Amino acid sequence: MLKQRTLSIIKPDAIRKNIIGKIINRFEEAGLCIIAAKFKKLSRSEAESFYYIHKDRAFFKELIDFMVSGPSFIQVLEGDDAVQKNRNIMGNTDPKKADIGTIRADFADSIDANAVHGSDSIDNAVKEISFFFSETEIYAQEHK
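You'll find the protein entered in an unreviewed UniProt entry as Nucleoside diphosphate kinase, with Candidatus Kinetoplastidibacterium blastocrithidiae TCC012E given as the organism. In UniProt, the protein has this text filed under Subcellular location (unreviewed entry): "Cytoplasm". If you open the UniProt record of the protein and go to Function (unreviewed entry), you find "Major role in the synthesis of nucleoside triphosphates other than ATP. The ATP gamma phosphate is transferred to the NDP beta phosphate via a ping-pong mechanism, using a phosphorylated active-site intermediate."

1. Description of the pairing of strand β1 (residues 3-10)
Counting buried positions along β1 gives six out of eight residues, so the element sits mostly inside the fold. Here β1 runs beside strand β3 (residues 72-80); their pairing, made up of eight bridges, is antiparallel. When the sheet's bridge partners are listed, Leu 7 is paired in β3 with Val 76. By the bridge criterion, three bridges tie β1 to strand β4 (residues 116-118) in an arrangement that is antiparallel. Each residue of the ladder has a partner; that of Ile 9, found in β4, is His 117.

2. Section: the pattern of salt bridges
Should their charged atoms come close, side chains of opposite charge can pair. Taken as a whole and judged by the stated rule, the model has ten salt bridges. Each of Arg 5, Glu 78 and Glu 135 takes part in a single network of salt bridges with overlapping partners.

3. Topic: the sheet that holds β4
In spatial order, the strands read β2-β3-β1-β4; together these four strands make up an open sheet with antiparallel pairing. Strand pairing shows two members of the sheet lacking a second neighbour, β2 (33-40) and β4, which therefore form its edges. This sheet shows a mean twist of 20 degrees between the axes of neighbouring strands, independent of strand direction. Lying over the sheet, helix α5 (residues 82-90) contacts β1, β3 and β4, oriented at roughly 35 degrees with respect to β1.

4. A closer look at the side chain of Ser 119
Locating Ser 119 in the fold gives a position in the loop between β4 and α7 (122-132). By relative accessible area, which is 0% here, Ser 119 ends up buried. At 3.5 Å, the side chain of Ser 119 and the side chain of Thr 6 are in polar contact. Apart from residues lying up to four places away in sequence, Ser 119 is in contact with Thr 6, Leu 7, Val 83, Asn 86, Arg 87, Asn 124, Ala 125 and Glu 128.

Criteria and cut-off values
Residues numbered from 1 in each chain as written. Predicted model: local features only at pLDDT ≥ 70, side-chain atom pairs only at ≥ 80, totals over all residues. Heavy atoms only, no water. UniProt positions renumbered as here; feature names shortened; annotations may be inferred. Buried < 20%, exposed > 50% of the residue type's maximum accessible area, 1.4 Å probe, protein only. Helix = DSSP H or I, 4+ residues; strand = E, 2+ residues; numbered from the N terminus. Pairing = 2+ DSSP bridges. Salt bridge = Lys/Arg side-chain N within 4 Å of Asp/Glu carboxyl O. Axes fitted to C-alpha atoms, helices over the stretch in contact; angles between N-to-C directions. Contact = heavy atoms within 4.5 Å. Polar contact = N/O pair within 3.5 Å; in protein donor to acceptor, adjacent residues only side chain to side chain.

This is the structure in structure tokens:
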């Protein structure tokens, strides 16, 4: 399989619950490697720019308010089929519809406070990663 990179955000609700390690463990157990990471409290401007694709949706203001409510843990994951693997680990956006054992089923409170974000395609992963990280901040490593 081809190694891919994807963006993962552990959102403010999960940070407040102090479950970063539990979430990271899920990625690592699935064979994904963290090759860049940082805590960041998004400004309103950054959140609006990052989630611009949703600007005309009814939930946009609530999403932005939530994303600026506290720090997030932003990371680049790398591994075989990383985009889809991450999406499978996260589960459905709505935790009530997420499969048992996924991050959102286990840790999310609602469709709005759903613990994590992950890129939905390879193209979006490239854009999202470059939004938060320069190439010099990303560590390319050999995977086992």
